[in-house]
Amino acid sequence: MKNQQIFLKAVLNKVLSPSTLTNPVKVMDLVDKVSPYVSVDSGLKSSTLGALALSLKSVRGSDVISFTLPTLGTGTSADGQSIVLRDDAAIAAISTALSEDTLGAYLKSAGLG
């Protein structure tokens, strides 16, 4: 999980660089390359993704905080497989914080950010 977060941070550092986000040709090339691997609703257009990318031109990889959703540890499924047990209460609190634009404060209070 940590290695995945490190990898994604490296990708973000590359993608969120001024040389990428201030160049509309690079932005559209990025959207074209990434869009086949992203699931979205049918109403989302590549032009919307391009506009989103351009709106992120002042955001850097160091501005992005990654964390793992809280869990209740591990357990065993009914068929004997090892599973990670989600913490529904904590996930609901994160959902609320996202919808209220208070995720940063929530993460600090929960020791995740």
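Right above here is the structure, for reference.
Here we summarise the structure given alongside this text. (Residues numbered from 1 in each chain as written. Predicted model: local features only at pLDDT ≥ 70, side-chain atom pairs only at ≥ 80, totals over all residues. Heavy atoms only, no water.)

Looking only at helices and strands, the protein features six helices and two strands. Starting at the N terminus and walking to the C terminus, you meet the elements of the protein as α-α-α-α-β-β-α-α. Relative to the 2.2 N^0.38 estimate, which gives 13 Å for 113 residues, the radius of gyration of the protein is 18 Å and therefore markedly larger than a compact globule would have. For the protein, the spread of C-alpha atoms along the three principal axes comes to 50 × 35 × 30 Å. Taking the intrachain contacts of the protein between residues at least 6 apart in sequence as the baseline, contacts between residues at least 24 apart amount to 42%. Element-wise, carbon and sulfur atoms account for 60% of the exposed surface of the protein, whose accessible area totals about 8300 Å². (Helix = DSSP H or I, 4+ residues; strand = E, 2+ residues; numbered from the N terminus. Rg over C-alpha atoms; globule rule 2.2 N^0.38 Å. Contact = heavy atoms within 4.5 Å. Areas by Shrake-Rupley, 256 points an atom, 1.4 Å probe, with all protein chains shown as cover.)

Two side chains bearing opposite charge may form a pair once their charged atoms approach each other closely. Evaluation of the coordinates by the stated rule reveals two salt bridges. The closest approach of N and O atoms between K33 and D29, which form a salt bridge, is 3.4 Å. Residue K33 and its partner D29 are located together in helix α3 (residues 24-34), separated by four residues, close to a single helical turn. K33 sits in the exposed class, given a relative accessible area of 54%. For R86, the salt bridge is made with D88, and the minimal N-O distance between the two is 2.6 Å. (Salt bridge = Lys/Arg side-chain N within 4 Å of Asp/Glu carboxyl O. Buried < 20%, exposed > 50% of the residue type's maximum accessible area, 1.4 Å probe, protein only.)

With that out of the way, let us pick up unusual backbone geometry. With glycine set apart, most residues show a phi of negative sign, and most peptide bonds adopt trans. The phi torsion at D101 lies on the positive side, around 55 degrees, for a residue other than glycine. The residue D101 is located in the loop between α5 (88-99) and α6 (103-109) in this model.

Burial within strand β1 (residues 71-76) is sparse, with just zero of its six residues counted as buried. Across four bridges, β1 lies against strand β2 (residues 82-86) in antiparallel orientation. Each residue of the ladder has a partner; that of G75, found in β2, is I83. (Pairing = 2+ DSSP bridges.)

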